[in-house]
Amino acid sequence: MKKGVRVAIQGIKASFHEEAAFKFFGKDIQTIECNSFKLTCESLENDEADFVVMAIENSIAGSLLPNYTLIREYNFAIVGEVYLPIQLHLMALPGVKFEDVKFATSHPIAIRQCVDFLDDFPNIQVIESNDTAACAKRIRDEQLKDTVAIANALAAELYGLNIIERRIESNKKNFTRFLILKKDKTAEVNDINKASICFQVGNHVGALSKVLNIFAEQQVNLTKIQSMPVLGKRNEYYFYVDMEWKNMEDYDKAIRQALKYTVNFNIMGEYLKNDKV
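This structure is a prediction, so every number in the text was calculated from the model and none was measured.

Participant: Sorry if this is basic, but what is going on with the sheet that holds strand S12 (residues 194–200) here?
Facilitator: Strands pair in a sheet through their backbones, by hydrogen bonds, and they do so in one of two ways: parallel or antiparallel. The four strands lie next to each other as S13-S14-S12-S15, forming an open sheet whose pairing is antiparallel. With one partner strand each, in any of the chains shown, strand S13 (221–229) and strand S15 (263–271) form the two edges of the open sheet. Taking each pair of neighbouring strands and ignoring which way they run, the sheet shows an average axis angle of 15°. One ladder, built from eight bridges, connects S13 with strand S14 (residues 237–244); its direction is antiparallel. Considered in S14, the bridge of serine 227 is made with phenylalanine 239. With respect to the sheet, helix H9 (residues 248–258) is in contact with S12, S14 and S15, its orientation differing from that of S15 by roughly 165°.

Shown next as structure tokens:
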């Protein structure tokens, strides 16, 4: 990846989105901090970024449904994916001891993922915030000696905090899948073996089954199916499907056949499978 690639992330530096960006692109990138997922899309749309790294699902919290809508509405291309293990640590200013702590702060989802640990310390007041890394930064900026943040090791390193309890998440096999988005659909990877598509089918018996069977008959493995209602239309849904294949010809044939039985069919991205955690 060329030097200086601009990558838009939701959150600030040392957030899990930046960690995912580093894992995919390497650390020689320029991260564009955004306060929301929509703003990451605006950054890419306005050519202020070259790529977006966007969380799409978590093994505990499930799918981030609004993000499917953003990708479809902006018509961005999915050009890659990355899986990141979510490891959460308790961090504080140097010299702060655990018995001095009165407050713990983090993103609501991170807090929920550490509920077993936090339940053991009812004397610590839990405060929700909008970003894990921002909590760590606030402790440093305001020199809060009675507060700990729940965040990743990257945040502790960047903001000069000590980790006083490691791996406090309840589920040690927790991970998040991130998608890599680009503005146009120009092919960058020749060796593709995974795709994300979106389509609608008629509201009658067997309509969806017919489409899914086409992929099964062509030995294309459907790894995820997600439905989303069509805004303002009753009993109409978008179906978002991830699929993998071993033979490109099987995939091409399945797509050609599926087009006959769907409407608003869109190949959102074709890319190389990258599910190592």
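Having seen the model, we can carry on.
Participant: Explain the nonpolar core to me, please; I cannot follow it from the model alone.
Facilitator: For soluble globular proteins, the rule of thumb is that nonpolar side chains tend to be buried together. Formed by 50 residues in total, the largest nonpolar core has its most connected members in Val7, Val53, Met91, Ala155, Tyr159 and Phe178. No other element matches the five residues that helix H1 (residues 16–25) contributes to this core. Every residue in contact with valine 53, bar those within four places of it in the chain, is listed here: Val7, Ala8, Ile9, His17, Ala20, Ala21, Phe25, Phe178, Leu179 and Ile180.

Participant: Mind showing me how you'd approach the layout of surface pockets here?
Facilitator: Where empty space is left can be seen by rolling a probe of water-molecule size over the atoms. Taken as a whole, the largest pocket encloses approximately 410 Å³ of empty space. Looking at the largest pocket, it is lined by 21 residues, and the ones nearest its centre are Phe16, His17, His107, Ile109 and Thr176. Sorting the residues of the lining of the largest pocket by element identifies H1, strand S3 (51–58), helix H4 (108–112) and strand S11 (175–182) as the ones contributing at least two each. For the lining of the largest pocket, the element with the most residues is S3, which contributes three residues. Per-class residue counts for the lining of the largest pocket are ten nonpolar, nine polar and two charged.

Participant: Mind showing me how you'd approach the packing of helix H2 (residues 37–45) against helix H3 (residues 65–74) here?
Facilitator: For any two helices packed against each other, one specifies the inter-axial angle together with the distance between the axes. Relative to each other, H2 and H3 sit at 20°, their axes nearing to 10 Å. Taken together, the axes of H2 and H3 lie roughly parallel to each other. In the packing of H2 onto H3, the handedness of the crossing is right-handed. Between H2, through Phe37, Lys38, Cys41, Glu42 and Glu45, and H3, the contact on the second element is made entirely by Asn67, Leu70 and Tyr74. Classifying every residue of the contact of H2 with H3 by side-chain character gives four nonpolar, one polar and three charged.

Participant: Explain empty space enclosed by the protein here, please?
Facilitator: Tallied over the full model, the rule gives one cavity of 30 Å³ or more. Volume-wise, the largest cavity comes out at about 80 Å³. If you go around the largest cavity, you meet 13 residues; those closest to its centre are Tyr68, Ser196, Tyr240, Asp242 and Met268. Of all the secondary-structure elements, those providing two or more residues to the lining of the largest cavity are H3, S11, S12 and S14. A per-element tally of the lining of the largest cavity places S14 first, with three residues.

Participant: Is there a simple way to explain the packing of aromatic side chains in this structure?
Facilitator: In this description, a pair of aromatic rings is defined by centroid distance and the angle of the planes. Scanning all chains against the criterion turns up twelve aromatic pairs. Measuring from ring centre to ring centre gives 6.2 Å for phenylalanine 199 and phenylalanine 265, while their planes differ by 10°; the resulting arrangement is stacked. Of the two residues, phenylalanine 199 sits in strand S12 while phenylalanine 265 sits in strand S15, which places them 66 residues apart along the sequence. Look at tryptophan 245 and tyrosine 251: their rings are 3.8 Å apart centre to centre, the planes differ by 10°, and that puts the pair in the stacked class. Exposure class is identical for tryptophan 245 and tyrosine 251. Each is buried. Ring pairs connect the aromatic residues Phe24, Phe25 and Phe51, which therefore count as one cluster. Seen from the ring of tyrosine 238, arginine 72 lies directly overhead, with NZ or CZ sitting 3.9 Å from the centre.

Participant: So what exactly am I meant to see when it comes to the side chain of asparagine 58 here?
Facilitator: Mapped onto the secondary structure, asparagine 58 falls in strand S3. For asparagine 58, a relative accessible area of 10% translates into the label buried. At 3.2 Å, the side chain of asparagine 58 and the backbone oxygen of phenylalanine 175 are in polar contact. In this structure, asparagine 58 is in contact with Ile86, Gln113, Asn174, Phe175 and Thr176, ignoring residues within four places of it in sequence.

Participant: What's the story with the pairing of strand S2 (residues 29–34) in this structure? I'm lost.
Facilitator: The side chains of a regular strand alternate, residue by residue, between the two faces of the sheet. Summarising the sheet, strand S1 (residues 5–10) and S2 pair through six bridges and their orientation is parallel. Bridging across to S2, alanine 8 finds its partner in isoleucine 32.

Conventions and cut-offs
Residues numbered from 1 in each chain as written. Predicted model: local features only at pLDDT ≥ 70, side-chain atom pairs only at ≥ 80, totals over all residues. Heavy atoms only, no water. Pairing = 2+ DSSP bridges. Helix = DSSP H or I, 4+ residues; strand = E, 2+ residues; numbered from the N terminus. Axes fitted to C-alpha atoms, helices over the stretch in contact; angles between N-to-C directions. Contact = heavy atoms within 4.5 Å. Core = buried A, V, L, I, M, F, W, Y, C linked by side-chain atoms within 4.5 Å. Buried < 20%, exposed > 50% of the residue type's maximum accessible area, 1.4 Å probe, protein only. 1 Å grid on protein atoms, 1.4 Å probe; cavity = no way out; pocket = protein on both sides within 12 Å on 5 of 7 lines; lining within 4 Å. Points joined across faces, edges and corners; volume = space filled by probe spheres on them. Nonpolar A, V, L, I, M, F, W, Y, C, P; charged D, E, K, R; others polar. Parallel < 35°, antiparallel > 145°, perpendicular 65-115°, else oblique. Left-handed = near helix turned anticlockwise from the far one by under 90°. Phe/Tyr/Trp six-rings, centres within 6.5 Å; stacked < 30°, edge-to-face > 60°. Lys NZ or Arg CZ within 6 Å of the ring centre and 35° of its normal. Polar contact = N/O pair within 3.5 Å; in protein donor to acceptor, adjacent residues only side chain to side chain.

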